[in-house]
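Listed below are the residues making up each chain.
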Amino acid sequence: MVKTDVVVIGAGPAGIFAVHQLGIIGLKAEVVDNLDKIGGQCIELYPDKPIYDIPAVPECSGESLTKNLLEQIKPFKTNFHLNERVEEIIKEEKNWKITTNKKKIFLAPNIIIAGGVGSFEPRKFTIKEAEKFENKGIFYSIKDKNYFKNKKICIFGGGDSALDWAVELSKLAEVTLVHRRNEFRGSGHSAEVARDLEKKGKLKIKTPFQISSIEGENKIESITIKNENGTTEKIITDYLLGFFGLIMKLGPIAEWGLNLDKKHIPVNTENFQTNKEGIFAIGDICTYPGKLKLILSGFHEGALAARACFKLARPNEKYKFEFTTTSKNVKERLGVKKID
Ligand SMILES: Cc1cc2nc3c(=O)[nH]c(=O)nc-3n(C[C@H](O)[C@H](O)[C@H](O)COP(=O)(O)OP(=O)(O)OC[C@H]3O[C@@H](n4cnc5c(N)ncnc54)[C@H](O)[C@@H]3O)c2cc1C
């Protein structure tokens, strides 16, 4: 069990900056995110696109924004629990008990929900045998490419993830890329590289094909794919990788007894608390009159929620407002060497 001052649910820009605001007032946070990487929508949906409305940063990409936010919280040595979705929140005396899908338990007086549009989840194969092989022979993300070394792999999908992984894994495994259309959705360059590898006999491409069955008892032995004319082909394979994009689901957040307004959590704008004491919501997931779904709003909301967390985390202390420019305490927490 991990005990902390605040559990932040969601490692998007709002969640990361909230860690900073908690850190400078001396509160510890643990961050949990369903995705395998930090950055929320900025990294998952538009890592390379330029953003032009971060205060004092004329232009940055989703990726560089995330990198800089992480740099800013470095002094706090925060733990990020990735690939874990918060499933359950229960009140236990003065604390909230927070349980993830991997049964990790956190105990904290405060929770900041920075869950954006909910948890991103991969779109999955729809044929019935697929569930049985999930995480055994079928994967929707790759943690270590060497796991697939010298194996036979079928990659499904037509976007950048499918193309990029097909290209990358073709260097160490026998790869067949299957897509239901002749044209790929991914960037022209990735598609060109894949077609080039096909010409060189280093990658097999099957289009327009879809999966129709998976054969094998305890492990995948082969699959059958079918095209629009009903022509079928059998492919001997060890693993299936599905890259069909992500669906955004509010997910378990809807089950925590919080007031909801459509898919958002209403908060008061004084401290961004929800209808439950000690549970705050910031960033895209919260709603209030005039809410703007912008990164800069999430930063402001996190600053106020962090101060409100202080009350429950340090009930015997009084929060004192301080500027980072002049506060000795803040500078110490940030590890600033020269303190005037
Ligand atoms: C294409 C595009 C362009 C954009 N351009 C701009 C722009 O120019 N300027 C701007 O200000 N904004 C822009 N935005 C909006 C901006 O990206 C969002 O406002 C911002 O990402 C919201 O941050 P967040 O931290 O609230 O949530 P998110 O970035 O959505 O992160 C939320 C995180 O919470 C996780 N999560 C959810 N539920 C759970 C759970 N139960 N357990 C564990 N983890 C969970 C999710 O996996 C996700 O990683 C753009 C958005 C898009 C899609």
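Residues numbered from 1 in each chain as written. Predicted model: local features only at pLDDT ≥ 70, side-chain atom pairs only at ≥ 80, totals over all residues. Heavy atoms only, no water.

Caption draft 1: Broad picture of the overall build of the protein chain. Broken down by element type, the protein chain carries eight helices and 23 strands. With the C-alpha coordinates of the protein chain rotated into their principal frame, the extents come out at 70 × 40 × 35 Å. By sequence separation, contacts in the protein chain at least 24 residues apart represent 57% of the contacts at least 6 residues apart. Placing the 53 positive and 44 negative side-chain charges of the protein chain at their respective mean positions leaves the two points 2 Å apart. (Helix = DSSP H or I, 4+ residues; strand = E, 2+ residues; numbered from the N terminus. Contact = heavy atoms within 4.5 Å. Lys, Arg positive; Asp, Glu negative; His and termini not counted. Charge placed at Lys NZ, Arg CZ, Asp CG, Glu CD.)

Caption draft 2: Quick look at unusual backbone geometry. Residue P208 is reached from T207 by a cis peptide bond, and omega for that bond is -15 degrees. Within the element layout of this structure, P208 appears in the loop between β15 (204-206) and β16 (209-215). You will see that K262, though not glycine, has its phi angle at about 55 degrees, which is positive. In this fold, K262 is placed in the loop between β20 (246-249) and β21 (265-266).

Caption draft 3: Quick peek at the site of the ligand. Around the ligand, 32 residues are found, and the nearest of them are D33, Q41, Y46, D53 and D284. Contacts to the ligand include P13, whose backbone N or O atom sits 3.4 Å from an oxygen atom. Interatomic distance of 2.8 Å between a side-chain N/O atom of D53 and a nitrogen atom of the ligand. Relative to its free-state accessible area of 1000 Å², the ligand is covered by the protein chains to the extent of 86%. Spatially, the ligand is embedded in the second largest pocket. When residues of the shell around the ligand are traced back to their parent elements, those giving at least two are α1 (13-24), α2 (40-44) and β11 (119-122). (Near = heavy atom within 4 Å. Polar contact = N/O pair within 3.5 Å; in protein donor to acceptor, adjacent residues only side chain to side chain. Areas by Shrake-Rupley, 256 points an atom, 1.4 Å probe, with all protein chains shown as cover. 1 Å grid on protein atoms, 1.4 Å probe; cavity = no way out; pocket = protein on both sides within 12 Å on 5 of 7 lines; lining within 4 Å. Sits in = over half its atoms within 2 Å of the grid points.)

Caption draft 4: Inspection of the nonpolar core at higher detail. If you look at the biggest cluster of nonpolar residues, it comprises 59 residues, and the most contacted ones within it are L22, I89, I98, I112 and I113. A per-element tally of this core places helix α7 (residues 295-313) first, with eight residues. Sequence-distant contacts of L22, that is, excluding residues within four places in its chain, are made with V6, V8, L27, A29, I112, A306 and C309. In this structure, L163, A194, Y239 and F243 belong to the second largest nonpolar core, which totals 23 residues. (Core = buried A, V, L, I, M, F, W, Y, C linked by side-chain atoms within 4.5 Å. Buried < 20%, exposed > 50% of the residue type's maximum accessible area, 1.4 Å probe, protein only.)

Caption draft 5: Representation of the sheet that holds strand β2 (residues 6-9) in the model. Taking strand neighbours across the sheet as the criterion, the five strands line up as β6-β3-β2-β10-β22 in an open arrangement whose pairing is parallel. Edge strands, defined here as strands with exactly one partner in the open sheet, are β6 (79-81) and β22 (279-281). The sheet shows a mean angle of 20 degrees between the axes of neighbouring strands, direction not considered. Inspection of the sheet shows strand β10 (residues 110-113) paired to β22 by three bridges, in the parallel sense. Bridging from a neighbouring strand, I113 pairs with A281 of β22. Against the sheet, α7 contacts β2, β10 and β22, and its axis sits at roughly 160 degrees relative to β10. (Pairing = 2+ DSSP bridges. Axes fitted to C-alpha atoms, helices over the stretch in contact; angles between N-to-C directions.)

Caption draft 6: Fine view of the packing of aromatic side chains. Enumeration over the complete set of coordinates arrives at 13 aromatic pairs. Ring geometry for F125 against F244: centres 5.0 Å apart, planes inclined by 90 degrees, an arrangement best described as edge-to-face. With a gap of 119 residues between them, F125 in the loop between β11 and α4 (129-133) and F244 in the loop between β19 (239-242) and β20 connect regions that are remote in the sequence. Ring plane angle 80 degrees and centroid distance 5.2 Å describe the contact between F321 and F323, whose orientation is recorded as edge-to-face. Here a set of aromatic residues connected by ring pairs shows up, and it is made of F125, Y140, F156 and F244. (Phe/Tyr/Trp six-rings, centres within 6.5 Å; stacked < 30°, edge-to-face > 60°.)

Caption draft 7: How the structure looks around a nonpolar patch on the surface. A cluster of nonpolar side chains, L292, L294 and L296, forms an exposed patch at the surface whose accessible area comes to about 240 Å². Summarising the element assignment, L296 is placed in helix α7. (Patch = residues over 30% accessible without salt bridge, like charges linked within 9 Å, V, L, I, M, F, W, Y side chains within 5 Å. Salt bridge = Lys/Arg side-chain N within 4 Å of Asp/Glu carboxyl O.)

Caption draft 8: Region of interest: the layout of surface pockets. Approximately 1600 Å³ is the volume attributed to the largest pocket. What lines the largest pocket is a set of 45 residues, and nearest its centre among them are K37, E44, Y140, S141 and L246. For the lining of the largest pocket, the secondary structure elements donating two or more residues are α2, β11, β12 (138-139) and α5 (160-169). Here the residues of the lining of the largest pocket are counted per class, giving 18 nonpolar, ten polar and 17 charged. Here the second largest pocket defines a volume of roughly 550 Å³. Where the lining of the second largest pocket is concerned, the elements lending two or more residues are α1, α2, β11 and α7. For the lining of the second largest pocket, the per-class residue count stands at 22 nonpolar, eleven polar and six charged. (Points joined across faces, edges and corners; volume = space filled by probe spheres on them. Nonpolar A, V, L, I, M, F, W, Y, C, P; charged D, E, K, R; others polar.)

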